[in-house]
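Next come the chains, spelled out residue by residue.
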Amino acid sequence: MIALCFTATAINYIDRLNLSLAAPFMQKDLGISPKDMGLIFGAFFWTYGIMQLPMGWLVDRLGAKKLYAFASTWWSLFTASTVLGRGLVSLFGLRLLLGVGEAGAYPSNAKVTALWFSPRQRGWATAIFDSGSRVGAALSFPLVVVLIKYLGWRGAFIATGALGLIWVVVWLIYYRDPTPAEAKAIGSLAAQAPGERIGKDHLHIKWIHLFRYRTVWGMMIGFACLNFVIYFFITWFPTYLVQARGFSLAKLGYLGMLPATCAIFGGWIGGIVSDMLYRRWTVSVTRKTCLVLGMLLSSVIGIAAFVDSTWLALALLCVSYASLAFTGANVWCLPADVAPSAAYVASLGGIQSCAANLSGGVTTFLTGYLLELTKGSFVLPLAIGGGVAVLGSAAYLFLMGPIKPLTLRPERPA
């Protein structure tokens, strides 16, 4: 089950990263300015972020099987439809529609993990599905570069869009939720009665009332800072290598994948370390240690802005991306860690992911704006990214309270 989530996440990231790799060629062919390209990059994140909220709610209500199949079909069709774009307006609209479908992936992943894994295994399971994003990011460099070379950038969008449709068929054949007996044997959240985590006086609250909790706001702001940094790698990083470091298309294809490759291992290490610490410490101390240290180390992206050596800059970016992935393996444990029951897991995942991906939209536009303002310099975008990473570390350490199941409070009278 987690292998299916891993594969979908990898395809999800290939389908969002293909624009980043095609961007230098699309800008040349279609006459798109850096500022307009930033708007096109950012369009995806606005709908992707906002739609996390209803998608999380729908996953909890309808189940991961139906929602994931629908979401993957949607995003695959609109990936291929990018070939219809002719300029800012059309490409902006197509990327908005792409974001709607891709929003269903991570809430579904969080739900599947909560149903199929116990808390002692959840860090490693989360690291596996979350590493799909880094595998997709790494594979997209050689894959999309080869497709662009032989099929052109339009052919690359059609070919990568087809991947998701193939996955949907496999998902519908093989995925199922655990039976009650399986859930009990696993010790997953699905084995618990609705009120078991919060006592006999179990309360049902509306989705919107989850925003009352300090823990939820800590999750949102911390993840927003993480994604502010990580989406530089997903959008502007290939352009940075080409324009700031002089990479050719061939060099971009094999060296450009190094940070994403390092991030694969960073995410796995994050999951393994989290599960190891959980055997010795409380879940709150375990998760916070990994979150805070991972975000602090990722701030070295800011140093990369000031080094002359391309190799040193690339090494710092590798460390930064790997540290973000280390943090991410723990970020996606949080919805199940704090959910009062299984009925709230995907909703909490959608809430934190909404804030995170709206910040991704800020990253893409701000970077494009700063590039135009500074005549192509990446110094400010990288330095700001380093500062935001430190801010995220502080949010997880100070703003987010103890990591434990939320104590539901009665809804306020109308």
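Everything that follows concerns the structure shown earlier in this document.
Residues numbered from 1 in each chain as written. Predicted model: local features only at pLDDT ≥ 70, side-chain atom pairs only at ≥ 80, totals over all residues. Heavy atoms only, no water.

Draft legend 1. Structural view of the overall build of the chain. Along the backbone of the chain there are 18 helices and zero strands. The C-alpha radius of gyration of the chain comes to 20 Å, within 12% of the 22 Å expected for a compact globule of 414 residues. With the C-alpha coordinates of the chain rotated into their principal frame, the extents come out at 65 × 45 × 40 Å. Residues counted as buried form 59% of the 414 residues belonging to the chain. Nonlocal contacts in the chain, meaning residues at least 24 apart in sequence, comprise 84% of its contacts between residues at least 6 apart. (Helix = DSSP H or I, 4+ residues; strand = E, 2+ residues; numbered from the N terminus. Rg over C-alpha atoms; globule rule 2.2 N^0.38 Å. Buried < 20%, exposed > 50% of the residue type's maximum accessible area, 1.4 Å probe, protein only. Contact = heavy atoms within 4.5 Å.)

Draft legend 2. How the structure looks around the packing of helix α4 (residues 64-80) against helix α5 (residues 88-102). Where α4 meets α5, the axes come as close as 7 Å, and the angle between the chain directions of the two elements is 160°. Here α4 lies roughly antiparallel to α5, going by the angle between them. For α4 against α5, the interelement crossing comes out left-handed. In contact with Ala-71, Trp-74, Trp-75, Phe-78 and Thr-79 of α4, α5 contributes Leu-94, Leu-97, Leu-98, Val-100, Gly-101 and Glu-102. Class assignment of the residues belonging to the contact of α4 with α5 gives a composition of eight nonpolar, two polar and one charged. (Axes fitted to C-alpha atoms, helices over the stretch in contact; angles between N-to-C directions. Parallel < 35°, antiparallel > 145°, perpendicular 65-115°, else oblique. Left-handed = near helix turned anticlockwise from the far one by under 90°. Nonpolar A, V, L, I, M, F, W, Y, C, P; charged D, E, K, R; others polar.)

Draft legend 3. A look at the side chain of Thr-79. In this structure, Thr-79 sits in helix α4. Within the structure, the side chain of Thr-79 is placed 2.8 Å from the backbone oxygen of Trp-75, a separation counted as a polar contact. Filtering out sequence-adjacent residues up to four positions away, Thr-79 remains in contact with Asp-15, Asn-18, Leu-98, Phe-157, Thr-160 and Gly-161. (Polar contact = N/O pair within 3.5 Å; in protein donor to acceptor, adjacent residues only side chain to side chain.)

Draft legend 4. Spatial organisation of the packing of aromatic side chains. If you walk through the whole model with that rule in mind, you get 23 aromatic pairs. Taken together, a centroid distance of 4.9 Å and an interplanar angle of 35° make the contact between Tyr-106 and Trp-332 tilted. With Tyr-106 in helix α6 (residues 105-116) and Trp-332 in the loop between α15 (310-331) and α16 (334-338), the pair connects residues that are 226 residues apart, well separated along the chain. In terms of burial, Tyr-106 and Trp-332 fall into one category: buried. On the basis of an interplanar angle of 80° and a centroid distance of 5.9 Å, the ring pair of Phe-232 and Phe-233 is categorised as edge-to-face. No difference in accessibility class separates Phe-232 from Phe-233, as the two residues are buried. (Phe/Tyr/Trp six-rings, centres within 6.5 Å; stacked < 30°, edge-to-face > 60°.)

Draft legend 5. Expanded view of the pattern of salt bridges. Counted by the stated rule, this structure contains six salt bridges. Between Arg-16 and Glu-102 there is a salt bridge, with its nearest N and O atoms 3.0 Å apart. Here Glu-102 lies in helix α5 and Arg-16 lies in helix α1 (residues 2-30), a separation of 86 residues in the sequence. Of the residues examined, Arg-16 reaches a relative accessible area of 2% and is grouped as buried. Between Asp-337 and Arg-122 there is a salt bridge, with the nearest N and O atoms lying 3.4 Å from each other. Note that Asp-337 is positioned in helix α16 and Arg-122 in helix α7 (residues 119-174), a separation of 215 residues in sequence. (Salt bridge = Lys/Arg side-chain N within 4 Å of Asp/Glu carboxyl O.)

Draft legend 6. Quick peek at empty space enclosed by the protein. Applying the stated criterion to the full structure yields four cavities of 30 Å³ or more. One number sums up the size of the largest cavity: a volume of about 130 Å³. As for the largest cavity, its lining consists of 16 residues, of which Tyr-13, Asp-130, Phe-223, Asn-227 and Trp-332 are closest to the centre. Examining the composition of the lining of the largest cavity, we find that five residues originate from one element, helix α9 (residues 214-234), more than from any other. Grouping the amino acids of the lining of the largest cavity by side-chain chemistry returns nine nonpolar, five polar and two charged. (1 Å grid on protein atoms, 1.4 Å probe; cavity = no way out; pocket = protein on both sides within 12 Å on 5 of 7 lines; lining within 4 Å. Points joined across faces, edges and corners; volume = space filled by probe spheres on them.)

Draft legend 7. Inspection of a nonpolar patch on the surface at higher detail. A contiguous nonpolar surface patch, about 520 Å² in accessible area, is contributed by Ile-166, Val-169, Val-170, Ile-173 and Tyr-174. Following the sequence through the fold, Tyr-174 ends up in helix α7. Judged by relative accessible area, Tyr-174 falls into the exposed class, the value being 57%. (Patch = residues over 30% accessible without salt bridge, like charges linked within 9 Å, V, L, I, M, F, W, Y side chains within 5 Å. Areas by Shrake-Rupley, 256 points an atom, 1.4 Å probe, with all protein chains shown as cover.)

Draft legend 8. Local environment of the nonpolar core. Core analysis: the largest hydrophobic core is formed by 124 residues, its most contacted members being Phe-237, Tyr-240 and Tyr-396. Of all the elements, α7 adds the most residues to this core, at 16 residues. Beyond its immediate stretch of four places on either side in the chain, Phe-237 contacts Phe-141, Phe-232, Gly-256, Pro-259, Leu-314 and Leu-317. (Core = buried A, V, L, I, M, F, W, Y, C linked by side-chain atoms within 4.5 Å.)

Draft legend 9. Quick look at unusual backbone geometry. Positive phi, normally seen in glycine, also occurs at Lys-375, with a value near 60°. Take Lys-375: it is sitting in the loop between α17 (345-373) and α18 (379-399). Judged by relative accessible area, which is 80%, Lys-375 ranks as exposed.

Draft legend 10. Highlighting α7. Along its 56 residues, α7 runs just 24 Å from first to last C-alpha, ending more than 12% under the 82 Å computed at 1.5 Å per residue. Along α7, the sharpest change in direction is near 125° and occurs at Leu-151. (Expected span 1.5 Å × (residues − 1). Bend = angle between axes of the 7 residues up to and from the residue.)

Draft legend 11. Expanded view of the environment of Thr-289. One can find Thr-289 in helix α13 (residues 283-298). Judged by its relative accessible area of 25%, Thr-289 is partly exposed. Separated by 2.7 Å, the side chain of Thr-289 and the backbone oxygen of Val-285 make a polar contact.

Draft legend 12. Layout of α5. With 15 residues, α5 should reach 21 Å at 1.5 Å per residue; the first-to-last C-alpha distance of 21 Å fits that figure. Listing the buried residues of α5 in full gives Leu-91, Leu-94, Arg-95, Leu-98, Gly-99, Val-100, Gly-101 and Glu-102.

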